[in-house]
Amino acid sequence: MHRRALDVQVFARDDGLFDVEAQLTDTKTRDVELAGEIRKAGDPVHHMVLRLAVDRQLNIIDADSDTLWMPYPGVCDQHGQAYRRLIGLNLLKGFRLGVKDRLAGVQGCTHLTELCQVLPTAVIQAFAGVVIDTREGDPEGGQPPFQLDKCHALRRDSENVRVHYPRWYRADGALPS
């Protein structure tokens, strides 16, 4: 009946920053009436693009958006530069709450604002092993690799961590003192 596709791509730039391009596309398997017109099956109901420039610390340096397909042309795409409000947020620290504060409800587009929610983990995946050390962490500062204790598979007291990250394994799950 309905398909929502999310696509997030991250690109390294020559200036040391990174471009993030996220797209949301909704399609239907049947013709639907939207704003008095028929949208053919398979044609997008929504196709939106969010673009960010981020630094190595995951700070958002620049942001913009485009609404290419929408139910209400000339209205849905009139959110102006709302997504520039993402500038200054950090994808690791308070991002989702910051998005809610700056863009929830009528401050932005529901679909673009929802698309923001997948950005932190998508960018972390892009940075893993390249920008973020996922093997050793910060041994000098006693900090384990970023991903430990962030999901059930990488609990500090798990067999998985004992085998793959033995230095950071804790039988009782306790952090080192």
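Note: the structure precedes this text.
Calculation notes
Residues numbered from 1 in each chain as written. Predicted model: local features only at pLDDT ≥ 70, side-chain atom pairs only at ≥ 80, totals over all residues. Heavy atoms only, no water. Pairing = 2+ DSSP bridges. Helix = DSSP H or I, 4+ residues; strand = E, 2+ residues; numbered from the N terminus. Axes fitted to C-alpha atoms, helices over the stretch in contact; angles between N-to-C directions. Contact = heavy atoms within 4.5 Å. Core = buried A, V, L, I, M, F, W, Y, C linked by side-chain atoms within 4.5 Å. Buried < 20%, exposed > 50% of the residue type's maximum accessible area, 1.4 Å probe, protein only. Salt bridge = Lys/Arg side-chain N within 4 Å of Asp/Glu carboxyl O. Arc of directions from axis to C-beta.

So, the sheet that holds strand 1 (residues 2-12)
The 4 strands are arranged 1-2-5-6 in an open sheet whose pairing can be described as antiparallel. In this open sheet, the two edge strands, each paired with only one partner strand, are strand 1 and strand 6 (60-69). Here the strands of the sheet are splayed against their neighbours by 10° on average, with no regard to which way each runs. Across 10 bridges, strand 2 (residues 18-28) lies against strand 5 (residues 44-54) in antiparallel orientation. Within strand 5, the position partnered with Leu-24 by the bridge is Met-48. Relative to strand 1, helix 3 (residues 119-127) is tilted by about 45°, and along the sheet it contacts strand 1, strand 2 and strand 5.

A closer look at the nonpolar core
Side chains of nonpolar character tend, in soluble globular proteins, to be buried together. Formed by 29 residues in total, the largest nonpolar core has its most connected members in Leu-50, Ile-60, Tyr-83, Leu-86, Phe-95 and Leu-119. Broken down by secondary-structure element, the contributors of at least two residues to this core are strand 2, strand 5, strand 6, helix 1 (95-103), helix 2 (110-116) and helix 3. Look past the residues within four positions of Tyr-83 in its chain and what remains in contact with it is Leu-50, Ala-63, Ser-65, Leu-103, Gly-108, Cys-109, Leu-112, Thr-113 and Cys-116. One finds Leu-148, Val-161, Tyr-165 and Trp-168 within the second-largest nonpolar core, a separate group that totals 5 residues.

Digging into the pattern of salt bridges
Counted according to the given criterion, the structure contains 11 salt bridges. Notably, a salt bridge pairs Asp-26 with Arg-4, separated by 2.8 Å at the nearest N-O pair. You can see Asp-26 sitting in strand 2 and its partner Arg-4 sitting in strand 1, a full 22 residues away along the chain. Given a relative accessible area of 37%, Arg-4 falls into the partly exposed group. Taking the shortest distance from any N to any O, the salt bridge between Asp-66 and Arg-51 comes out at 2.8 Å. Pair noted here: Asp-66 is in strand 6 and Arg-51 is in strand 5, with a separation of 15 residues, a long-range link.

What to know about helix 1
Taken together, the buried positions of helix 1 are occupied by Phe-95, Gly-98, Val-99 and Leu-103. Buried positions in helix 1, seen along its axis, are confined to an arc of 100° and lie on one side of it. Projecting away from the buried face of helix 1 at angles above 90 degrees are the exposed residues Leu-97, Lys-100 and Asp-101. Its buried side turned inward, helix 1 meets strand 6, helix 2 and helix 3. Note on helix 1: the residue one or two positions beyond its end, Gly-105, has a positive phi of about 60°.

Observations regarding helix 3
Those residues of helix 3 not exposed but buried are Leu-119, Pro-120, Val-123, Ile-124 and Phe-127. The buried residues of helix 3 occupy an angular sector of 130° when projected down its axis, which confines them to one face. Summarising the contacts, the buried residues of helix 3 are in contact with strand 1, strand 2, strand 5, helix 1 and helix 2. Directly after helix 3, the chain includes Gly-129, whose backbone phi takes a positive value near 80°.

Notes on the pairing of strand 5
Remark: a regular strand shows side chains that alternate across the two faces of the sheet. Burial of strand 5 is extensive: 10 of the 11 residues sit out of reach of the surface. Taken together, the 8 bridges between strand 5 and strand 6 define a ladder with antiparallel strand orientation. Note that in strand 6 the partner of Val-49 across the bridge is Asp-66. The hairpin formed by strand 5 and strand 6 contains 5 residues between the paired strands, and Leu-58 there has a positive phi angle of roughly 70°.

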